[in-house]
Amino acid sequence: MKKYSGPILELKGVSKYYGSSPALHDINLQVENGEFLTLLGPSGCGKTTILRIFSGFETPTKGDVFLNGGLITDIVPEKRQVNTVFQNYALFPHMSVSDNVSFGLRMQKKPKAEIKTRVNEALRMVHLEDYASRMPAQLSGGQQQRVAIARAVVNNPMVLLLDEPFSALDYKLRKQMQFEIKHLQRQLGITFIFVTHDQEEAFAMSDRVVVMNQGYIEQTGTPKEIYEEPENLFVARFVGEINQLQAAILSVEGENEYLADIGGVSFTLRTRRSFSAGDKVMVLLRPEDLKINLHQDKGLEGPQLYGHIDECIYKGATVDLTITLDNGVKIQAAEFFNEDDADISYDTGERVAVSWVAGWEVVLNYAGE
């Protein structure tokens, strides 16, 4: 039989309604074999609904679901080669770690010798081989989460679905588990689909990120693409701090290059989007993209916006600044702190000049779409 070379999972025209309330709107999504894909978005955006449709716990109102090229829209969860790790781990409290992990294999009536071998391998993968006889109540939250993962991977699924599995963990353990999950995914070589509302977590773990909002996919791309090239204002705001400067296109200077008025100052903008003279646009800049100059009288090059510092927050590697520009717009800047430079000292109330490297900005039309 010819090996299927298309996406491992696919949604085609999938919508989901609960009564008259829409949860998903005409979703088309392909998941490649072996990738780590994250569904990212605020609560209620539809990301968990997609996960449940992939797993078979929900059926789409319309549209189709494919696994490895085969239609699985109406196939029950236990007949799919897809396993889910839930938020609450869903371990059986009356079973030992070993019995929890082996449960699915025992339901499939696998030989006892095979079950023992596969359970030992799964526990070794998650570094819990010495905990096989313990009960769930004797484990920490992180250990219980690893047992849930072992129970899922022991069944050799084509796809592993993870529904905010770190939500109950403290910050330090979350960071540790992020590393371990990504390492495990690379070790197993199977497809992971991860759901989170945490942008930092999504970026740290994913090959691709799907940003969702109100049942729609807003943008799909690598973490770098999502952060540096947001398709719209929702994505730009959701995946980090962003400064918004209103501007008007003065002239088209060349392919993908424009002269624009920002606060009465002419700046060169570079963007792949097309605009015409007179168009109102929104210029988006991350705090770390801004250049803050305290020495306004020392030969500044290029256009500058001027303002004063409202607040300074020292964070070790960076100093976070809140600046009010002369036109009243407030912006955020993150400057790397250099304690060897005695001339650099940011003080509240101090006048500053603000600029950036042309091309680092994202330019959207004024509506932000």
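See above for the structure.
Residues numbered from 1 in each chain as written. Predicted model: local features only at pLDDT ≥ 70, side-chain atom pairs only at ≥ 80, totals over all residues. Heavy atoms only, no water.

## What to know about the pattern of salt bridges
What counts, and what does not: Basic side-chain nitrogens of Lys or Arg form a salt bridge, by our definition, when they fall within 4 Å of a carboxyl oxygen of Asp or Glu. The helix count covers DSSP runs of H or I at least four residues long, the strand count covers runs of E at least two residues long, and both are numbered beginning at the N terminus. Residue burial is assigned from relative accessible area. The probe radius is 1.4 Å, only protein chains are included, and a residue is buried under 20% of its type maximum, exposed over 50%, and partly exposed in between.
Tallied over the entire structure, the rule returns 15 salt bridges. Notably, a salt bridge pairs Lys-16 with Glu-58, separated by 3.6 Å at the nearest N-O pair. Pair noted here: Lys-16 is in strand β1 (residues 9–18) and Glu-58 is in the loop between α1 (47–55) and β4 (62–67), with a separation of 42 residues, a long-range link. Relative accessible area serves as the criterion here: at 9%, Lys-16 is assigned to the buried category. The salt bridge involving Arg-208 is made with Glu-35; its shortest N-O contact spans 2.7 Å. Of this pair, Arg-208 sits in strand β9 (residues 208–213) while Glu-35 sits in the loop between β2 (21–31) and β3 (36–40); the two residues are 173 residues apart in sequence, bridging distant segments of the chain. Members of the salt-bridge network, linked through shared partners, are Lys-16, Arg-52 and Glu-58.

## Some thoughts on helix α2 (residues 97–107)
Rules: Whether two residues are in contact is decided by their heavy atoms, any of which lying within 4.5 Å being enough.
Regarding α2, the residues found buried are Val-97, Asn-100, Val-101, Ser-102, Gly-104 and Leu-105. At its buried positions, α2 is contacted by α3 (112–125) and α4 (141–153). Among the residues trailing α2, Lys-109 stands out with phi positive, at a value near 60°.

## Notes on the sheet that holds β3
Across a sheet, strands are paired by hydrogen bonds formed along the backbone, either parallel or antiparallel in direction. Stated formally: By this definition, two strands are paired if DSSP reports at least two bridges between them. Here an angle of 0 to 180 degrees is reported between the N-to-C directions of two axes, which are lines fitted to C-alpha atoms, with helices fitted over the stretch in contact.
Pairing is mixed in the open sheet, where six strands are placed in the order β6-β7-β8-β3-β9-β10. A single partner strand is all that each edge strand has here, and the edge strands are β6 (82–85) and β10 (216–221). Within this sheet the neighbouring strands show an average axis-to-axis angle of 20°, counted without direction. Bridging between strand β7 (residues 159–163) and strand β8 (residues 191–196) involves five bridges; their strand directions are parallel. Following the sheet pairing, Val-159 is matched in β8 by Thr-191. Packed onto the sheet, α4 meets β6 and β7 and runs at close to 175° relative to β6.

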